[in-house]
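Descriptive structure summary
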Amino acid sequence: MAGLELKNIQKTYGKVEVIKGVDLTIKDGEFVVFVGPSGCGKSTLLRMIAGLEDITGGELYIGDKLCNDVEPRDRSIAMVFQSYALYPHMTVYDNVGFGLKLAKTPKDVRDQKIREAARILKMEHLLDRKPGQLSGGQRQRVAIGRAIVRKPEVFLFDEPLSNLDAALRVDTRMEIAKLHADLGATMVYVTHDQVEAMTLADKIVVLDAGVVQQVGSPIELYQRPTNLFVAGFIGSPKMNFVEVTVEAVDADSITVTSKDVASLRVPARTEGVDVNSLLTLGIRPHDLLPANSGAIVGRVSLVERLGNETIVNIELASGAPWLAVLDGDQALRVGESLALAAEPAKAILFDKDGKALLAPIA
Amino acid sequence: MTKTKLFALTGASLLGLMMTANAVNAQQSGYLSFLIDNGPQSVAVAEAWVAAFTEQNPDVTIDIEVRPGGGEGDNIVKTRLATGAMADVFFYNSGSLFQAINPVQNLLPLTNEPFQAAIQDSFKSVVSAGGEVYGAPFAPAMGGGIFYNKPIYEELGLEIPKTWDEFMANNEKIKAAGKTAVIQTYGETWTSQLFVLADFYNVLTEVPDFAEKFTAGEAKFATTPAAVRGFEKLQAVYDGGYLNADFGAATYPDGLRMVATGEGAHYPMLTFGIGAIAETVPDHLADVGFFAQPGDNAETNGLTTWMPDSIYVAKSTTSPDLAKAFVAFVASPEGCDIRNEAVGATGPYMIDGCTLPADVPPAVSDMLPYFQEGGHNGPALEFLSPIKGPALEQITVEVGSGIRQAADGAALYDEDVRKQAQQLGLAGW
Amino acid sequence: MRSRASLFGGIAAIAATFVVFVIPFLFIILMAFKDKQQSALRDFSWPNGFHLFENLYEVIKTRNWMMITAFINSSLITVVSVTLLIVLAAMVGFVLARRKTKWNGLIEFLILAGLMIPPAVVPTIWLLQGLKLFGTLHGMILIQVAYNLPFSIILYRAFIATIPRELDEAAVIDGARPLDVFFRIILPLLWPVTVTNIVVQSVGIFNDFTNPLYYLPGNQNATVQLTLYNFQSQFSTAYNLLFTNILLITIPPLIVFMFFNRQIVAGMTAGAVKG
Amino acid sequence: MTASAVPALKIQRRSLYPGWFYAPAAVVYSVLFLAPTLASLYFSLTRWTLFDATFIGFDNFAQFFREPFLIQGLVNTVIYAVITSGLKVVVGMMLAVMLTSQIMARGYLRSVIFFPVLVSTIGVGMTFTVLMHPTLGMINQSLALIGIKGPGWLVDPKLALFSVALVDVWKGVGLATVIYIAGLVAIPKDYYEAARIDGATKLQNFFYVTLPLSRPATATVITLSFIGGLRTFDLIWAMTKGGPGFASDTVASVIYKQYQAGFYGLSTAGNVVLFILIAVLVVPLTMFLNRKQGFE
């Protein structure tokens, strides 16, 4: 078993920089998810780990071995592709066993391993079929089977669930989590879906424009995003933002106000923050509560009643569209005015560069 | 120039390679390869000669290879000579085409072989180059003229024409009788040239030095009235409506069959066609007669003659003695007899001592008087001049199909001839 | 309504194709059954008696059983050169479709040039002699490969572009080397085009007439098209034999076709590869 | 900008798509095709008897363009190529549409249409020469049965070229059809369904969906059959030898006749002319077709 070490990894195509110096340590047995919008470089980074893309600069260690110039087959990795990339002309059995065959594994050993993988993934009955005869979910299983049969030290997943329908996606996600628990192998997983990232990851790496924005556990990212991008990307529904003016600065908090927000005192890092300067206030929809004398007032524009909770779209005075997720069923009407209170401790302020002014952990 | 030499050198060294390659299998086993054209007569007679020769020499093996005839065959012969891959012994034309295969460089001289003593000088002259004789005749001399159907002539009471006007008058009567007067077979284009080529004796009677002047670029077909006559005659039979309905698509065998069976009255052709008639419609062989293509004057009526094709030995042969022995065999009276036996007699031989059987077909006996004392004959232009335009057959098809006027055709042929002369690098062009 | 329209359409199509495509073949077949006299009429009539076997015997035994040699030679040339063509062309097509470099333009130019430029015969013969390949089956095979490569490459390249690159990558992750990827993944997936290639090229090479005429002289090297040519003048008065010959040399391509017929259609219909 | 890269470690990893895959094909192709072709460029500038070559500059080209029938040959070549490729596109497309529809006896139709592709050109030429005989030929005899006097297909100078072109289409349309079938089945069904919902008729379906989306197939068919048409030789040679007279001569048959006549330099020059003709016509054509292809 092995961890991964990325040191200032860079990738350029001609003059276009795709990955701009990524440093990352992945511990043995960790489940790491690369998440970010499409085109952020997360797949490229994964393919560089796999050896499918050359590394322009920096060093990649798998275990203790420098792997920049090691052939993929010698990196003890396995990969599951977005399109599964099953070999259409081979049966499931042969698909799963192809790598072993190339490695000249004796036939009986091979057979045993294939059947074991099939058993783990509950696909023994599919072994004689060709990929064309399988459903999406079954193909997904075969692709995973092909990965685990080789007993790699690192599993690489490239958006493996994006071709599945919603229900299947949830099931398969759970299976992958279980697989990780069973195998205890290092897994690197790429997705653009932050829910997948949150549910699966030991550690999430948020990427944007070829740069690592933040690395941390899901809860850390949710509660203490380091910048506007991470704050906006992690969490569903998205965090609400509005521009505010600093009213007063204390030792460990800042009081802000605006057309939309009556003065709100938010715990924060205060260095370099001046009165009257502009900041961005972020509050998650779940952290808003209806209150008669709430700090935030808006007009209801849409109500989605889910029974256990109610999602309310409101339009603030400045025109900013916010969301609030309220507990229980709330009888609200479109057009009526709604006042909301926010728990100041859960609000986050961002400076004009988008950096979060997080209060130090007590 | 150095490049030219380089290529020549390359060619020569390749030639050398080929020779060493051949040497191994040839010396051990008295082996000859023998390249012939694919005409049925050639195949039949070649097989007969090989059979007879190998019977006399049991240790010898002779392998017959067949190539297409016509221009494609020319190409193969040239290509194989140029690349040193020629068979040991081969059939090929005499006259202008013989000159085009660069005999001095490619062929083995046969000048001093004993059998040459019996071969007529007129033949030797058309297979000689640079003072050496390279060939021996494997077929009888031929005449170019007109085959006619005897039963039609008898039925309509026609006389053998001595002038072109008489010929056309005969055609008119035949046409009036509801028969095809003149057979043409442009399905094989070479047959279309006969009216022009076979008219050359008539050209010579009027312009005796035409061939020399033609070679020198001084005489042209279009500007020599006697020479244009051939094209005009070709046009006249078309304009007169004398031709068979399918003249554009009919083939040489069709033409022979038609003239033999009376589907048509006249077919201009070389006399070697007799052999084919004997093979394909033997029952009608006696119905076919032959006369020279008439000119404008009955007094000078005579035949345009063709020298037979020749058998040659390639210089690249590894068994020169065996090859020469085989050629000597072919060019012997015995060889002539085998030929008579295999494909019948089609004309007088160019070899002293060769005789024709007594019962030759009428077409042959019709031809013989032109060769005998008091007869008139003269060689075709291609034996007097190295120049023969390659497009003549297309031009004669055009003139003979009414696509082009005779004078225009003659002028176009002059253009074609000019190109040939230039390619041959002749002076005066 | 609809089915009736398509029924009429179908019958019309069958009738039209019968006249245009089938009758000429029936003509060839009927001629091959006739005797010499009847065949000389060249009409579309029922044969007077059954002469196929004597015609066949006559054609095959002509010129010392040359037809047998010709069939062996032609089959050898066809099988070997088509095999080489498939492997070489697929290799080129594979790299050409997958790897974009500055050479691609040049390579594509050369491929197009190969489709366009008429081969230079005599210099080729000189070259073959220098390589000691002139007049040998090896030489002929290599000539066929060289002349037909561009077409095969074009077929393959277009098809390879439709095979997802992830398959190659999956194979690489599985530990495949380039040759494994090519022979175990790509080549099997190319089967539909390979069928097209086999059919088109083997028929073309088997039916080639010009190139053996020049590059393969000698009786022992005869190919089937040359027999047709050799016999043409010999048989020019015997249409029955001429057409028997045509019929005889059409049989091998016919077998290739019957063998691959379903796969041509199936392969074509398979379209893009599904994964 | 990426100054901290580690060039020292740059061991070239072996590519998944190694260049040496080109090598075997390149060797065969260069030695047996490219080298002789380049040599022929030299020979086109010589008077060449096969035995020796004399450098004469551009005389051969001058002579070639003085050929009385070269211009007609050039025109014939283009006409032939346009007719054959045009008909192959139109007929091939029609047959492919028919064969991909729910027509009865599809297997029979497919086989029958493809079958002529299998027969040798020489055999087809010989057969049709017999069938097109002006009096004895089956075609004209059949026409005579319904009271039509058939034309002299191959012997009428106005018709000969077109007759050969028709036979060429007869022989080659099967291949065009197969290429089109492949192109048509690759068109996703969604387009037809969308068009149907938009209320398109069958004809509109064809013109707005099938035709534009089968453009790659069209490009292939046109390129192949156009080049083939420009280079065509065996069929013309087997059927008319360029005749009657020069009526169906193409550049290729003119070249061959020069070659036959032993004018090797001249004929090689003709080869170069043919190559240029093809390049001038085909290169822009393929560029045009490929540019369009880029949109899909």
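Described below are features of the structure shown in this document. Source: prediction; values computed, not measured.

Another point: the overall build of chain B. The helix and strand inventory of chain B stands at 19 helices and 13 strands. The principal-axis extents of the C-alpha atoms in chain B amount to approximately 70 × 50 × 40 Å. Within chain B, the proportion of its 429 residues that are buried is 60%. For chain B, contacts bridging at least 24 residues in sequence account for 76% of all contacts bridging at least 6. When the accessible surface of chain B is totalled, it reaches about 15,300 Å², and 53% of it is carbon and sulfur. Taking the average location of the 23 positive side-chain charges in chain B and that of its 50 negative ones, the two points are 8 Å from each other.

With that settled, consider the state of the cysteines. Residues and elements named next belong to chain B. Evaluation of the coordinates by the stated rule reveals one disulfide over all chains. In this model Cys 336 forms its disulfide with Cys 354; the gap between the sulfur atoms is 1.9 Å. The disulfide joining Cys 336 to Cys 354 has a torsion of about 65° about its S-S bond and is therefore right-handed. Here Cys 354 lies in the loop between α16 (333–343) and α17 (362–371) and Cys 336 lies in helix α16, a separation of 18 residues in the sequence.

Taken together, the five pairs of chains in contact show their highest number of contacts between chains C and D. There is a clear gap between chain A and chain B: no contact, and 48 Å between their nearest C-alpha atoms.

What follows is about the pattern of salt bridges. What the rule picks out here adds up to 34 salt bridges over all chains. With its nearest N and O atoms 3.7 Å apart, the salt bridge here joins Glu 159 of chain A to Lys 42 of chain A. Linking Glu 159 of chain A in the loop between β7 (154–158) and α5 (166–183) with Lys 42 of chain A in helix α1 (residues 42–50), this pair joins segments that are 117 residues apart in sequence. In this structure, Glu 159 of chain A and Lys 42 of chain A share a single accessibility class: buried. Linking Asp 416 of chain B and Lys 419 of chain B is a salt bridge whose minimum nitrogen-to-oxygen distance equals 4.0 Å. Placement of both Asp 416 of chain B and Lys 419 of chain B in helix α19 (residues 406–424) is noted, with a separation of three residues, approximately one turn of the helix. Comparing Asp 416 of chain B with Lys 419 of chain B, the two get one shared label, buried. Among the ionic contacts, a cluster of salt bridges with common partners joins Lys 11, Arg 47 and Glu 53 of chain A together with Glu 169 of chain C.

Attention shifts here to the environment of Asp 165 of chain B. Relative to the helices and strands, Asp 165 of chain B is located in helix α8 (residues 164–176). Along the primary structure Asp 165 of chain B and Phe 214 of chain B are separated by 49 residues, whereas in three dimensions their C-alpha atoms are 28 Å apart.

Here the structure, examined in full by the defined rule, presents 64 aromatic pairs over all chains. Residues Phe 27 of chain C and Phe 243 of chain C carry aromatic rings whose centres are separated by 5.5 Å and whose planes lie at 85° to one another, so their mutual orientation is edge-to-face. With Phe 27 of chain C in helix α1 (residues 2–33) and Phe 243 of chain C in helix α12 (residues 239–270), this residue pair connects regions lying 216 residues apart in the sequence. Assessed through its relative accessible area of 0%, Phe 27 of chain C is described here as buried. Look at Tyr 147 of chain C and Phe 33 of chain D: their rings are 6.0 Å apart centre to centre, the planes differ by 80°, and that puts the pair in the edge-to-face class. Of this pair, Tyr 147 of chain C sits in helix α6 (residues 137–160) while Phe 33 of chain D sits in helix α1 (residues 23–43), placing the two residues on different chains. For the pair Tyr 147 of chain C and Phe 33 of chain D, a shared accessibility class is recorded, and that class is buried. By way of ring pairs, the aromatic residues Phe 34, Trp 49, Phe 53, Phe 91, Phe 138, Phe 326 and Phe 329 of chain B are connected into one cluster.

Conventions we followed
- Residues numbered from 1 in each chain as written.
- Chains lettered and ligands numbered in written order.
- Predicted model: local features only at pLDDT ≥ 70, side-chain atom pairs only at ≥ 80, totals over all residues.
- Heavy atoms only, no water.
- Helix = DSSP H or I, 4+ residues; strand = E, 2+ residues; numbered from the N terminus.
- Buried < 20%, exposed > 50% of the residue type's maximum accessible area, 1.4 Å probe, protein only.
- Contact = heavy atoms within 4.5 Å.
- Areas by Shrake-Rupley, 256 points an atom, 1.4 Å probe, with all protein chains shown as cover.
- Lys, Arg positive; Asp, Glu negative; His and termini not counted.
- Charge placed at Lys NZ, Arg CZ, Asp CG, Glu CD.
- Disulfide = S-S within 2.5 Å.
- Salt bridge = Lys/Arg side-chain N within 4 Å of Asp/Glu carboxyl O.
- Phe/Tyr/Trp six-rings, centres within 6.5 Å; stacked < 30°, edge-to-face > 60°.

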